[in-house]
Structure formats: structure tokens, C-alpha cells
Amino acid sequence: MNENDFGHAFLLLRCLRVRAVVPGAVGSDLIGGGVFVVDIGMAIRHALVVGSQCNELANQCLSFLPDRATRLFEVLTDPRRGECAPAPESVLLLDPTMVELKQSVEDAVARASRARATLVFAFIGHAETDVTRISRPLFLLPTDGSATAPKTDTAYEIGHRLGEMDLGSLDGLILILDTCHAGAGVRDVIKSGLDLKDQVRLELLAGTFLRVARNGCFSHSLIDLMENGHAELSTDYLEIRHVANVAADKCRAVQDPPVYIGSGMGQNASDPGLWVTRNVASPGHWPLSGTPEGAQAVTLTQSFQSTHDLERIIHALGSQRLVVVQGGPGSGKSALMAALARPELVPDLPRRYLAAVVFTALTPTLAALAESIAGQLADTAGFPEATSTYDGGFTLDEQDQLPALERLVFGPLRHLKVPLGKKLRLAIDGIDQLEPTVRGELLDTVTKAAQDDRLERVSLLLNTRGDGIENLGTDPVMLARPGKGEITEYLTALDLPVTLATDLATHASSWLQLRLLTDVAMTLGRESVGQVTDLNELYRQLLASLPGEDTGQTRIVLTVLAAAGNGPILPIEVAVEACFRAGGPADDARFRNVVAALGGMVARADPGTPNELLGLFHETLVHRSATRMTGTPQSVTLTKQSSMHSTPSTIRRRIPTGASAPPNTSGRCNDTGKPSKWWPTLSNTGHPTTLHSYKPGQTEPKTCCQPTASN
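Keep in mind that what you see is a predicted model, and the values were worked out from it rather than measured.

1. A few points about the packing of aromatic side chains
Scanning all chains against the criterion turns up 3 aromatic pairs. Geometrically, the ring pair formed by Tyr237 and Trp275 is tilted, given 4.8 Å between the ring centres and 45 degrees between the ring planes. Placement of Tyr237 in strand S11 (residues 237-238) and of Trp275 in the loop between strand S12 (259-261) and strand S13 (277-278) is noted, with a sequence separation of 38 residues between them. Judged on exposure class, the residue Tyr237 and its partner Trp275 are both buried. Ring plane angle 75 degrees and centroid distance 6.1 Å describe the contact between Tyr490 and Trp511, whose orientation is recorded as edge-to-face. Of this pair, Tyr490 sits in helix H18 (residues 484-493) while Trp511 is found in helix H20 (residues 511-524), placing the two residues 21 residues apart along the sequence. Using a relative accessible area of 14% as the deciding quantity, one classes Trp511 as buried. Taking the ring centre of Trp275 as reference, the NZ or CZ of Arg45 above it sits at 3.8 Å.

Dropping the structure here:
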């Protein structure tokens, strides 16, 4: 595909639309063709759980079977946890013969392949290695398996058997082994001529390496984590690395630590789309749980390193009601704000240090921004009552005329009794990315709020490159480039040689460059660091090393995601259709293969689910990807449908829609007095992020605001 062909193909995206459908609900199609209906209850994960004794090892009967395998199957098929489809798509297999085990694995792969599903294959039981072979392959032992002389026909040679199968139609494979010597199985799958990385995204998790597993400790830890979640981790999904860390702590006294190998890129070894379980503890402990803002915060803080700048921001928030953080692109503004919203990253602070945090990349209008803040404040004690008190002072018509921030946030906060010694801190990232008139209204609003005595226990934190803050009356916290000491600490936390610090300090003028340079060093080798001259060269080196780059698949995915912008805002259905029409990946599985290879360069909300939202992780990559094919930003927009009725908050969190916006530029609510819901879709205009709204019965989109191309 040449550049002109790509541009022509991209013009086909005008009619793509998407809407989400709650199971059992009835709704009309959106205007025009190309409608994609998503059933929220649709499962795209299958499980095969095997628990097996071995007759030859009757004196080593595993007392925790079959109960352990049954419990694992139950949590994997629990829609709140493992989210795998129930039987017959998922199968629990107890004490199989060799013939039954072989056939069941083949059938599970075939079923999942037909459904384009992710397959979770878990085995709990006995296993042996063949010490007579140099590779020492791992054999899983069924009831009639041979423990003394395992061979291909008497036991299940995991690496060889999987290598014989066509796994290319799977949307990922997660292999979980709780056996003795399980790490040998992980090694086999990688070394036995499988080339699985070219076929399927693969996550491998073993209870221990070449040692004995004790009392099923690993699977017990896994089930406990799936059942109860991890309250200390502010993330919605738990990946194999999280499971391995928890099991290592719990099983340290009885066996060697778990082994895992992921298919991610750079510093994140796991593929976020191949998660093990939802973190059921997250909704009750993390205000950003289930939101695109939460997903963005997780993406921004991969391998986060606390800095002197963070200490300066915290100090400023301790004494000021309005704090402005200023820095250039990639200086770490967004990451620092995101870290303050993830308690485990700054453990000395209260768990809910920030009461609400919003990113203008996800909420580019005042109504969207206000709705997000109000949604996060809904869990604050007294805020719902304060909202009711405030609303009671106005008629419905009067409420409709109020600016969104006043109506949803600051008005109710004036009626909220914040306890003595406490503060509510609200954080807004990227105010310079807002359209100038929107930014001006926002700054005017927050300036008045910071001077309002009724809001004396409310603090505001703003991030900006510097545009439009001259009249705020406060000196900004200016961010510095990373120092050598901070870089050394960063490398130490990643278990990388501290000798890299000198090279990185020379070439990294910002924290974004440091993160990418570290990925270059880990992916391409230390010598590549010295060849980097600027940010574009950094991206070029990283992207050139990815699978699919030579065929243009990666370029197509990047350009489609760049059309949406940075942050998780584009539904996967729209992204896949856009890529297909442009000659790129033609289905979810192939699309996610490319996205996984991009690693932390893609922000993902609800990864690996039908409701997945995606976008590039940083605006610098958005600009590079949009200009790469034609030399000018690709003209692709987001068109969103407004509904006449506000979606219930419980549904909104399960179907995060990214941005919401009013049908005007004033930031006021719509004619129902509630913010609209907007469904992203692609079309072509002269602006990279133009927003449109639809009213019922309206045949053409009405432009609400048109940010400049520089935004």
C-alpha cells in the first residue's frame, strides 16, 4: 500500500458508527449505514481447566483435587471475575485419560478458534520432565500417564502438542500450569519450534520452574486473588505478572517463585488484553475504577518513578487552593497527576488523595469534564445529598441554563461539609489542549472557585504547557528534566544496569524520552541508545522493530488510532473496521496482535473485552502517526450520538464511552438537564478532533466545536 492508496482508503471511513446495546434493551439504529451492535454480555473468552491425578503416583495423591480445579473453573467462568463463557464453550475436565486429554485440548482450541475467542488453558496435577532429552520437555500426566518414562504417547508433551496445532485464529492463549517443574513447560512452549509468537498472543504462567510444587499453593493463591481481588492495586484487571507477584509472596516458604512470560513490549511484559481476572476489589477502593480515566492513569504510570517534582506538587497542594503544573510535551505532567490518583504509587499519601481527576484528551468539553468529575465525586460522603440540596434551589428550566461545571460540581460542593483538616482535591490534565474559548471559560471558573470562601477546603490542580495561564495569579510549578540520580533509581527499579544512566541522561531531555529510550535499550540493545537524536528517531527505532511493520499493518493501526487521538476513546469495533477498510488487520484477533506488539504506546480501557476502548498513549505519537503517511495530519474525526436520556451510572461504568459533550459550546446541559452520551465513530473533515452531536430524527451531524489542528 502506497501513501496515496492509504489516503484514499481512509476516506471510506465516513459512515462507520457504533452503539452499545444493553442485553434485552431495544433501540433504533444510528443514522446511516455500517452500524455495529455490541452485546455487552457477549463472552469472548473460553476456558479449559484440567485437574488430574496419576494412577502411577497413587502414593502421591493430590489431596486438593478435584476441589482446586473445580474452584478455578468456577472463578474463570464467573462473569464478574474470569469472564469466560460457561459450559459448553468452557470445559472442566477431571482425571482424564491420555486420549481424553488430547482430544479435549484439540476441541477447546477448535471451539475458541471458531469463536475468535481467547483460550485460558489451565492444568493442575502431576508433571514430569524427560531428563534423557537435552531439552528436558515437560509432560503433563493424565490418570493413565507414565511418570517413570514419559513419552509422547504416554503423557501430554505440552510444547510439542501445542506446536502441532493451528492457533492463528485464537484471540490469544493464556497457559496456566500448577505442577512440579511447570517452568519447563513454559520453556518448551517457547523453545520447541512453535513460533507461537507469530501465530497467537501468548501469556505463560507456571507455579514454579524446575522444582517441586507444594500443596497446590500456586493455584490456591490464584483462586484467592480471583475471588477477592487486590485492594492495594488500583487497576481494573489483574495480569499474569500480578498473579506471579502475589503467589511469590504467599508461597515463598514452601516453593520457588512462579515463572511467567508475556507477549507485551518493553517495560510491560504482559499483554493487557490477556488478563487473568477482573480485580473485584477495585470498584470499592479506587474512584477511577471502571472508567477511561482509570485506564489512562494506568497507562501513564507504567514503571512510574517518584521524583522531586512530585514532592514539589504535593507541597504546593498542602498550602495553595490553586496549583498549576507547567512543562513541555513529555515532561511528565500527566504521569505525575495520574500517580496521585493511584495510591500504591505514593503510599505516604491518603488513599483518596485526589477526589477526582480528568484528562481533557478524554473529556474535551466542559460538560464532559463536569460529568466525569461529578461521577467520581458521587462516592464522596455527603456529595449526593449536597447535589440534591443545590438542585432544589432551581427549577428544571433554570438548571438547564446553568454552566455544566457550576451545575454538576462547584454548586453542589458549596453545600458539602468537608471535615476540618480534610481537603477535596480536583485535578484537570491538559488544559492547553482545550479549544481556546473552552479553556478560557474553564480558567475563569476555576479562578473564581479558588477565591470562593465557601470552597475553602477544595483545592484545584491544573496541568498545562503554559497557554492561557497568565492571569491565574499563581506561580506555576515548573517541571525539570530528569536528573542522573532519578534515572539511576528508575533503572534500579526496573532491574536494569545503572551504567545506562550516563547514556540516558545525555539523550533524555524529558521523562517521555527516558521511558522510550529505556524501551529501546531493552528491545534493541544498549548500543541503539546512542543513535537517537530526537523523539521522532526514538519512535522510528521502536516501531521499526515491531512485527508487521514491514507489511504496513502497524502503520495502518497507528494511523487509525491517531485519528481518534490520545487516551482510550475509540471502540474496538470501529478501529477494526477502519483498519480492515484501509487494508490492515481484518478482525479483532489480528488487530489485538498488532496492539499488543505496540505495548505501552497504546492506552486501553476494558482490554480484551467487547467494550474495549483504545487510543495512543501520548499526543506526540498521535502527531507523528497522523503525519507519517501524507505529511499532514489525517483528517478523521469522532462523531458521537447524544441520547435523550442519561445512561445509568452503573451501566456507564461498564460501557465507558470516553468523552461526553453537550449539543452546544457553552458547557451547559442538554434539554433534559443531563449530559448527553456520545458514541465515537469515524468520518472525514478538516479537523483531527472535531466533535458532532446527533439529536433523534436529525439527519446530519451538527458541529459543536472545532479544535484547531495543533490540538
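2. Describing the state of the cysteines
Applying the stated rule across the entire model yields 1 disulfide. Disulfide partner of Cys217: Cys251, at an S-S distance of 2.1 Å. The sign of the -100 degrees torsion about the S-S bond sets the Cys217-Cys251 disulfide as left-handed. Linking Cys217 in helix H7 (residues 217-228) with Cys251 in the loop between helix H8 (240-250) and S12, this pair joins segments that are 34 residues apart in sequence.

3. Focus on the pairing of strand S5 (residues 118-125)
Counting buried positions along S5 yields 8 of 8 residues, so the element is predominantly enclosed. Burial along S5 is two-sided: the residues Thr118, Val120, Ala122 and Ile124 and Leu119, Phe121, Phe123 and Gly125 are all buried. Sheet topology places strand S3 (residues 45-52) next to S5; 8 bridges connect them, and they run parallel. For Leu48, the partnering residue across the bridge sits in S5 and is Phe121. Inspection of the sheet shows S5 paired to strand S9 (residues 173-178) by 6 bridges, in the parallel sense. By the bridge assignment, Ile124 is partnered in S9 with Asp178.

4. Some words on helix H14 (residues 383-391)
Buried within H14 we find Phe383, Ala386, Thr387, Tyr390 and Asp391. Along the long axis of H14, the arc covered by the buried residues comes to 130 degrees, so they all point the same way. Turned more than 90 degrees off the buried face of H14, the exposed positions are Glu385 and Ser388. The elements touched by buried residues of H14 are helix H13 (366-377), helix H15 (396-400) and helix H16 (404-413).

Each value, and the rule that gives it
Residues numbered from 1 in each chain as written. Predicted model: local features only at pLDDT ≥ 70, side-chain atom pairs only at ≥ 80, totals over all residues. Heavy atoms only, no water. Phe/Tyr/Trp six-rings, centres within 6.5 Å; stacked < 30°, edge-to-face > 60°. Helix = DSSP H or I, 4+ residues; strand = E, 2+ residues; numbered from the N terminus. Buried < 20%, exposed > 50% of the residue type's maximum accessible area, 1.4 Å probe, protein only. Lys NZ or Arg CZ within 6 Å of the ring centre and 35° of its normal. Disulfide = S-S within 2.5 Å. Pairing = 2+ DSSP bridges. Arc of directions from axis to C-beta. Contact = heavy atoms within 4.5 Å.

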